[in-house]
Amino acid sequence: MSATATAPVPAPIPLNTIAELRQHHSQLVRLGLASHPSHARRLLAFLARDPAAHLPYAARLLAHHPDPHPALFNPLFAALPPPHAARLLAVMLSLPLPPDHFTFPRILPAAPLPLAAQLHALLLKLGFHFHAQSVNALLSAYLSNARPDLASLVFRASSSGILDVVSWTTMVGGLCKLGLVDEAREVFDRMPERNLISWNAMISGYVKAGRFLDAVEVFDEMRALGVEGNGFVAASAVVACTGPGALARGREVHRWVEQSGIQMDEKLATAVVDMYCKCGCVEEAWQVFEALPVKGLTSWNCMIGGFAVHGRGEDAVQLFGRMEREGVAPDDVTLVNVLTACAHAGMVGEGRHYFSYIVERYGVEPKMEHYGCMVDLYGRAGLLDKAKKVIDDMPMEPDVGVLGALFGACKIHCDVDLGEAIGWRVIELDPQNSGRYVLLANLLASAGRWEDVARVRRLMDARNVTKEAGRSVIEVAGEVCEFRCGSLRHAQAAEVYAMTRDMMSRIGAEGYVPDTRDVLHDVPEEEEKEVPLLYHSEKLAIAFGLLRTRPGDTMRITKNLRVCRDCHEATKFVSRVFERQIVVRDRNRFHHFKDGKCSCNDYW
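Quick caveat: nothing in here was measured; it's all calculated off a predicted structure.

(A) Spotlight on the environment of N464. By the element assignment, N464 lies in the loop between α27 (450–462) and β1 (471–476). Measuring from C-alpha to C-alpha, the distance between N464 and S434 comes to 9.8 Å, with 30 residues separating the pair along the chain.

(B) Broad picture of the packing of aromatic side chains. One pass over the full model with this rule turns up 12 aromatic pairs. Between W286 and F307 the ring centres are 5.8 Å apart and the planes differ by 45°, which places this aromatic pair in the tilted class. Of the two residues, W286 is situated in helix α17 (residues 282–291) and F307 in helix α18 (residues 297–309); the sequence distance between them amounts to 21 residues. W286 sits in the partly exposed class, given a relative accessible area of 25%. Ring geometry for F289 and W300: centres 5.2 Å apart, planes at 75°, overall edge-to-face. Within this pair, whereas F289 is found in helix α17, its partner W300 is found in helix α18, the two being separated by 11 residues in sequence.

(C) Structural context of the pairing of β1. The buried fraction of β1 amounts to 5 of the 6 residues, a majority that puts the element mostly inside the structure. Here β1 runs beside strand β2 (residues 479–484); their pairing, made up of 6 bridges, is antiparallel. Along β2, the bridge assignment pairs V473 with E482. In this structure, the hairpin formed by β1 and β2 is closed by a connection of 2 residues, where A477 is found at a positive phi of approximately 55°. Taken together, the 4 bridges between β1 and strand β3 (residues 554–559) define a ladder with antiparallel strand orientation. Its bridge partner being in β3, I474 is matched across the sheet by I557.

(D) Layout of the pattern of salt bridges. Under the definition given, this model contains 33 salt bridges. With its nearest N and O atoms 3.6 Å apart, the salt bridge here joins R576 to E510. Pair noted here: R576 is in helix α31 (residues 565–577) and E510 is in the loop between α28 (493–509) and α29 (526–534), with a separation of 66 residues, a long-range link. Across the pair K572 and E569 runs a salt bridge whose closest N-O atoms are separated by 3.3 Å. With K572 and E569 both in helix α31 and 3 residues apart, this pair spans about one turn of that helix. Residue classification places E569 among the partly exposed positions, given a relative accessible area of 28%.

(E) View of the packing of helix α30 (residues 537–548) against α31. Running from amino to carboxyl end, α30 crosses α31 at an angle of 15°, the nearest separation of the two axes being 10 Å. Judged by the inter-axis angle, α30 sits roughly parallel to α31. When the axes of α30 and α31 are compared, the crossing they make is right-handed. Between α30 and α31, the residues in contact are E538, K539, I542 and L546 and D566, C567, A570, T571 and V574, respectively. Partitioning the contact of α30 with α31 into residue classes produces 5 nonpolar, 1 polar and 3 charged.

(F) Representation of the sheet that holds strand β6 (residues 597–598) within the structure. The sheet built from 6 strands is open, its strands ordered β2-β1-β3-β4-β5-β6 with mixed pairing. Sheet topology places β2 and β6 at the edges, where each strand pairs with a single neighbour. α31 contacts β4 (581–585), β5 (590–594) and β6 of the sheet and is inclined by roughly 35° relative to β5.

(G) Expanded view of the pairing of β5. Most of β5 sits inside the fold, with 4 of its 5 residues counted as buried. Looking at chain direction, β4 and β5 are connected through 4 bridges and run antiparallel. Counterpart to V584 in the pairing with β5 is H591. What sits between β4 and β5 in their antiparallel hairpin is a turn of 4 residues. Note: β5 against β6, 2 bridges, orientation antiparallel. Across the sheet, the residue bridging to K594 is K597, located in β6. Taking the residues that link successive antiparallel strands as the turn, the β5-β6 hairpin has 2 residues, and the phi of D595 there is positive, at about 55°.

(H) Spotlight on the nonpolar core. Ranked by internal contacts, the top residues of the largest apolar core, which has 143 residues, are L108, V172, M303 and L406. Counting contributing residues per domain, this core is built from domain 1 (18–97) and domain 2 (366–468), each supplying no fewer than three. Contacts of V172, omitting those with residues within four sequence positions, involve A184, V187, F188, M191, A201 and M202. Judged by nonpolar contacts, the second largest core, of 33 residues, contains F483, M499, M555 and V577.

(I) View of the UniProt feature "repeat: PPR" (unreviewed entry) in the chain. The UniProt record annotates "repeat: PPR" (unreviewed entry) at residues 164–194, 195–229 and 296–330. Along residues 296–330 one finds 74% helix and 0% strand; the C-alpha atoms at either end are 11 Å apart.

About the thresholds
- Residues numbered from 1 in each chain as written.
- Predicted model: local features only at pLDDT ≥ 70, side-chain atom pairs only at ≥ 80, totals over all residues.
- Heavy atoms only, no water.
- Helix = DSSP H or I, 4+ residues; strand = E, 2+ residues; numbered from the N terminus.
- Phe/Tyr/Trp six-rings, centres within 6.5 Å; stacked < 30°, edge-to-face > 60°.
- Buried < 20%, exposed > 50% of the residue type's maximum accessible area, 1.4 Å probe, protein only.
- Pairing = 2+ DSSP bridges.
- Salt bridge = Lys/Arg side-chain N within 4 Å of Asp/Glu carboxyl O.
- Axes fitted to C-alpha atoms, helices over the stretch in contact; angles between N-to-C directions.
- Parallel < 35°, antiparallel > 145°, perpendicular 65-115°, else oblique.
- Left-handed = near helix turned anticlockwise from the far one by under 90°.
- Contact = heavy atoms within 4.5 Å.
- Nonpolar A, V, L, I, M, F, W, Y, C, P; charged D, E, K, R; others polar.
- Core = buried A, V, L, I, M, F, W, Y, C linked by side-chain atoms within 4.5 Å.
- Domains from an automatic or database assignment.
- UniProt positions renumbered as here; feature names shortened; annotations may be inferred.

Structure, rendered in structure tokens:
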């Protein structure tokens, strides 16, 4: 055999520990193969599994490599935390070895602001500001550090030849994540080209900002341009319809999904189920749920939660039983949904049972929201002592949500003493929430304690807390209209006000009597107290619906606040007198009004 013959290459061995790596590395050094690119990459790939622990070893390996090049460093940059990546970059520059086009995109996206600024300076010095991927990584770094001003400077300073669709989309998505949706829309409208990620960034940005109608508008623009969507865009569009309860638009998006051949995976199907549940069509939600070939935990939770907010407690617990039989274990979300279902349906015994059963059988650890559900369960049923005992026995200090559940129950059941004590605690925990002050003032007003009501109002004024205006959204023939309590800006304002007065007059003739118990004004005459009730947003929305629908039609209304007792009673009369089915979604649940009755059976 020739003395110069190449030594046999050792067969690759599994590398599971640093000791095995050191042994293999030593063998490669003896054979003169340690600098071979494939072997070096394999060693570095193992070290990248725990880069923080193995950085010194990796740095020595790279520093002593006879022919280092950026391709050996770059994979490590992506795996390392930013401080360690900066140290490795210093090693690279000391060799000296300049970065390549893949270096900055690996380091920048996760870099904190000081490091991002230093890398920005290096990027300029080395001329990588003419490289699209490096610029995009810099934009992402500044936006993730909540510095849209610096990102905008980089964006404006880059020539149009450098910026690509990823650059524009990075700006749109980053601005949306920072809540700057108007600025994001300006960038979006100027985009020379868009891809599906761009469209979804803008649609989902509006959704996260609660601007659902704007999200639907962008989706409509996408469809008008003939852009074919995907599951991500479809899910965002479905959620956009869920927010305002725009059922007609939600059905349209659902049909578009089916006609477009978009795969109805579990995530998208769950979004559709949630949309139908929150738009008041639990039966259609059920059809989509049943059609799912494989139902994951998220789908089960969504459907159980849908039954819960519609007050269908029996259906919810039966579905939970079926979920168990199919071998799906519940989680903490399941427990919340089952307890909510029991609370809304007045199933106190069942709620108590399922709390103990799910916790003990499946090891679900009760959290704050679960204790809040138990307080709500007992509170709605008027068992205020038991609700208070839940709070007293909790293993943690109750938060404002738990105390708020007891506070609301005190208002419902007119326990002024307990309600006042809890109410002041709730206000101190949540001082900028106007609803807390209003609830306490209503409770005190029900007892005729007008001086204390004035004290609550003075505290609101001192803290610059403004009462949240009641808003109701109604969808009629695909058109979504919003009405505010006491204020009407609509092309048919005169007709709506006239119909509201006529509606109240007609139901009054049928036996409706205004419930003025929640009117704060300290006025002696009942007739004067009735005036504010006349222009509640729900009544205005119903009056508009009566102008645009026929007997037998269904009207769907979404409210931002809990439905008041007077509107609840009036809507029952309207459903019978005007022969409409009226579905109202308030802050807590759904109410289905038909033939003078409500699905909640006056238990809400």
